[in-house]
Amino acid sequence: MDKIIVEGGHPLHGEVRVSGAKNAALPLIAATLLAPGWHTLNNVPDLRDTRTIMTLLETFGVEWQRDGSTLRINSTNLSNCEASYDLVKTMRASVLVLGPLVARMGQARVSLPGGCAIGARPIDFHLQALKNLGAEIVLEHGYVEARVEGRLQGGTVYFDIPSVTATENILMAASLAQGVTVIKNAAREPEIGNLVDMLVGMGATIEGRGSDQLTIHGAKKLQAVEIEVIPDRIEAGTYLIAVGAAGGDVTVTNCNPGHLPALLDKLRKVGLKIEEGKDSIRVRRDGPLRSVDITTMPYPGFATDLQAQIMALMTLSNGLSVINETIFENRFMHVAELQRMGADIRIDGHSAIVSGTGKLTGAPVMATDLRASASLVVAALAAQGTTEISRVYHLDRGYENLEVKLTKLGAVIRREKE
Ligand code: UD1
């Protein structure tokens, strides 16, 4: 297992290019299961999660090639419709293959993902929605078995909470269903817009892109397509917050400032200078940090995937910050590790109360999940002394070349075998 060692206290300067979004690439890759032929996906990040989903697709009989950030995928011959526990347990987003497989093959068997560090994360919305489209669902031996005679039938789906991957699963299934499907209280994350564009390119008709109501006119057959993965707004946000923590002047390139409305508003209130370009954001810190309160919300609210990183930033201010986590019940795993670095944080139910002490000190810490790991890197960049972050395989799930990119910005960071 690798660990990352950071010597804190070096401001960041220069330019950093954001990779394609993990959370967009995964559903786009799953969507290639809907249509035969060679699909071309551009700007695909090379991450542990994108490798895992390709291993999963291989088990179905899919052929694929990678050339740099271009992924070519051919799902003409599907010989197996089962996603095994071994793969699903390492990546919950594997559940994204359920909708496309049952829509195209009439059947799918996908392991239940089980719990994960940040909460229970059930998939009941996915299953209920597929039932609404006519699938028969059986839960047995730790697996979901979905079947349909003939094609799925369009139907109406309402989500109690706008779930991102459930919206994506049903968008994909409905694109091959007979008739019209309406998804109410759909999630509105930019990654869903990316998937809508792909499905429309494949031949589905979809109305309501970007809104909380999506209407999908299914097609009998879909065709292979070429599509570009949108930039990773969470990676971009992590670099912006890192500059807030470490200080400096950085331009984050190949990103979409329009995808980060809540974060940019908060960072301006924190006191950072933010300049938005067409596909870049310049961030500068030239004064003390002010405290802000944060409440995570579905898009366009403040992303739960940036909550851990902004908390690390708030420990470096000199005021009080209340951070409410409304999406996942157990997403404060980073708190205990930040406390080891000198942070003053109290948890009260779904809220963390951060009393900024203005400084952190380096310590040995442990990464517990993907975004918690990113928050420890942010903290380490600003801390006095050296921080050793172990279990960094979590980081490798979602950040492409993190140490290389940060080193180019002037950070003193290296990876070592544990
Ligand atoms: C996606 C993102 C993840 C992000 C999250 C919230 C991907 C691959 N992952 O995860 O990075 O943190 O959105 O922005 O895109 N829920 C249910 N039943 C369900 C589904 C969800 O109760 O069947 C609940 C969840 O427990 C959670 C809330 O709905 O409380 C939202 O979760 P959801 O949007 O589904 O998260 P994911 O799609 O798993």
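Rules used throughout
Residues numbered from 1 in each chain as written. Predicted model: local features only at pLDDT ≥ 70, side-chain atom pairs only at ≥ 80, totals over all residues. Heavy atoms only, no water. Axes fitted to C-alpha atoms, helices over the stretch in contact; angles between N-to-C directions. Helix = DSSP H or I, 4+ residues; strand = E, 2+ residues; numbered from the N terminus. Parallel < 35°, antiparallel > 145°, perpendicular 65-115°, else oblique. Contact = heavy atoms within 4.5 Å. Nonpolar A, V, L, I, M, F, W, Y, C, P; charged D, E, K, R; others polar. Phe/Tyr/Trp six-rings, centres within 6.5 Å; stacked < 30°, edge-to-face > 60°. Lys NZ or Arg CZ within 6 Å of the ring centre and 35° of its normal. Near = heavy atom within 4 Å. Polar contact = N/O pair within 3.5 Å; in protein donor to acceptor, adjacent residues only side chain to side chain. Areas by Shrake-Rupley, 256 points an atom, 1.4 Å probe, with all protein chains shown as cover. Domains from an automatic or database assignment. Buried area = accessible area lost by both parts, 1.4 Å probe. Salt bridge = Lys/Arg side-chain N within 4 Å of Asp/Glu carboxyl O. Pairing = 2+ DSSP bridges.

What about the packing of helix 8 (residues 233–246) against helix 9 (residues 261–270)?
Angle between the axes and distance between the axes are the two parameters that describe a pair of packed helices.
Okay, so step 1: Relative orientation of the contacting elements helix 8 and helix 9 amounts to 5°, with a least axis distance of 11 Å. Viewed along their axes, helix 8 and helix 9 adopt a mutual orientation that is roughly parallel. Contacts from G237, L240 and I241 in helix 8 reach L263, L264 and L267 in helix 9.
Okay, so step 2: Within the contact of helix 8 with helix 9, the residues separate by chemical class into five nonpolar, one polar and no charged.

Focus on the packing of aromatic side chains
Okay, so step 1: The full count for this structure, using the stated rule, is one aromatic pair.
Okay, so step 2: A cation over a ring is seen here: R109 above Y143, with NZ or CZ 4.1 Å from the ring centre.

A few points about the site of the ligand
Okay, so step 1: Around the ligand sit 17 residues, and of these D124, S163, T165, D305 and I327 come closest.
Okay, so step 2: The separation between a nitrogen atom of the ligand and a polar side-chain atom of D124 is 2.7 Å.
Okay, so step 3: Within the side chain of D305, a nitrogen or oxygen atom sits 2.6 Å from an oxygen atom of the ligand.
Okay, so step 4: With the chains in place, 87% of the 740 Å² that the ligand exposes on its own is no longer accessible.
Okay, so step 5: Here the element with the most residues in the shell around the ligand is helix 5 (residues 124–132); it accounts for three residues.
Okay, so step 6: Among the residues making up the shell around the ligand, the classes are represented as eight nonpolar, five polar and four charged.
Okay, so step 7: Looking at the shell around the ligand, you find at least three residues from each of domain 1 (2–19 + 231–417) and domain 2 (22–228).

Focus on the domain arrangement of the protein chain
Okay, so step 1: The assigned domain composition of the protein chain is domain 1 (2–19 + 231–417) and domain 2 (22–228).
Okay, so step 2: Using only C-alpha atoms to locate each centre, domain 1 and domain 2 end up separated by 30 Å.
Okay, so step 3: Residue-level contacts link 26 residues of domain 1 with 18 residues of domain 2.
Okay, so step 4: Between domain 1 and domain 2, a total of about 1,800 Å² is buried, with carbon and sulfur atoms accounting for 51% of that surface.
Okay, so step 5: Considering only the side of domain 1, the residues that lose the most area to domain 2 are Y299, R397 and E400, jointly responsible for 31% of the buried surface there.
Okay, so step 6: R397 is the salt-bridge partner of D49, the closest N and O atoms lying 2.9 Å from each other.
Okay, so step 7: Our count for the contact surface shared by domain 1 and domain 2 stands at seven residue pairs in polar contact (both at pLDDT 80 or more).
Okay, so step 8: Secondary-structure elements contributing two or more residues to the side of domain 1 that touches domain 2 are helix 12 (370–382) and helix 13 (393–396).
Okay, so step 9: Classifying every residue of the side of domain 1 that touches domain 2 gives nine nonpolar, six polar and eleven charged.

A few points about the sheet that holds strand 4 (residues 63–67)
Okay, so step 1: The sheet built from four strands is open, its strands ordered 4-5-3-14 with mixed pairing. Unpaired on one side and paired on the other, strand 4 and strand 14 (226–228) mark the two borders of the sheet. Strand-to-strand twist in this sheet, taken as the mean axis angle between neighbours without regard to direction, amounts to 15°.
Okay, so step 2: By the bridge criterion, five bridges tie strand 4 to strand 5 (residues 70–74) in an arrangement that is antiparallel. Paired with E63 across the two strands is N74, which belongs to strand 5.

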